[in-house]
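Residue strings, one per chain:
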Amino acid sequence: EPCKCEPQHRLPHMVTCLTRPSSQGMLAAGDAATGTLTLLFDGQSSWEVGAGHVGMEALALMTPSAAPHHGLVLSAGSDGHVRAWRVADGEAAGACEIMGAV
């Protein structure tokens, strides 16, 4: 299924990580250099966290199909941490260090 983002929509940062769960209209984009994390919903920017996770290497969206706004965006970075962000508002929801990752 094609992305629902409008062709003219541009993020104000580079995108080095990108993830999108199937058919929920959400897309998470991250920039490893600045740590900026952006969530788009149906092609519109829902929220952006600046300097959220410098060294971001991977993203995942964990959203229940019945209530996608109650899920989490997970970011993993070169600092050996996985951080969780609330889909609803971009607020930090926790972090953990992965032993031996750094």
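See above for the structure.
Residues numbered from 1 in each chain as written. Predicted model: local features only at pLDDT ≥ 70, side-chain atom pairs only at ≥ 80, totals over all residues. Heavy atoms only, no water.

Draft legend 1. Local environment of the nonpolar core. With 13 residues, the main nonpolar core has Leu37, Leu39, Trp47, Leu59, Leu61 and Val73 as its most contacted residues. With 3 residues, strand 5 (residues 56-62) is the single largest residue contributor to this core. The contacts of Leu37, once residues within four sequence positions are left out, are Ala29, Gly30, Trp47, Glu48, Val49, Met56, Leu59, Val73 and Trp85. (Core = buried A, V, L, I, M, F, W, Y, C linked by side-chain atoms within 4.5 Å. Buried < 20%, exposed > 50% of the residue type's maximum accessible area, 1.4 Å probe, protein only. Helix = DSSP H or I, 4+ residues; strand = E, 2+ residues; numbered from the N terminus. Contact = heavy atoms within 4.5 Å.)

Draft legend 2. Seen up close, the side chain of Ser75. Along the chain, the position of Ser75 falls in strand 6 (residues 72-77). Given the relative accessible area of 1%, Ser75 is considered buried. Looking at Ser75, its side chain comes within polar contact range of the side chain of Trp85, at 3.1 Å. Beyond its immediate sequence surroundings of up to four residues, Ser75 is in contact with His53, Met56, Ala58, Leu59, His81, Val82, Arg83 and Trp85. (Polar contact = N/O pair within 3.5 Å; in protein donor to acceptor, adjacent residues only side chain to side chain.)

Draft legend 3. Expanded view of the sheet that holds strand 6. If you walk across this open sheet you meet the 4 strands as 5-6-7-8, and the pairing is antiparallel. Each edge of the sheet is formed by a strand with only one pairing partner; in this case those strands are strand 5 and strand 8 (92-97). When the angles between neighbouring strand axes are averaged without regard to direction, this sheet yields 20°. Here strand 5 pairs with strand 6 via 6 bridges, running antiparallel. Looking at strand 6, one finds that Ala58 is bridged to Ala76. (Pairing = 2+ DSSP bridges. Axes fitted to C-alpha atoms, helices over the stretch in contact; angles between N-to-C directions.)

Draft legend 4. Quick look at the side chain of Thr38. Checked against the element boundaries, Thr38 lands in strand 3 (residues 37-41). Within polar-contact distance, the side chain of Thr38 engages the side chain of Glu48 at 3.2 Å.

Structural measurements only, silent on function.
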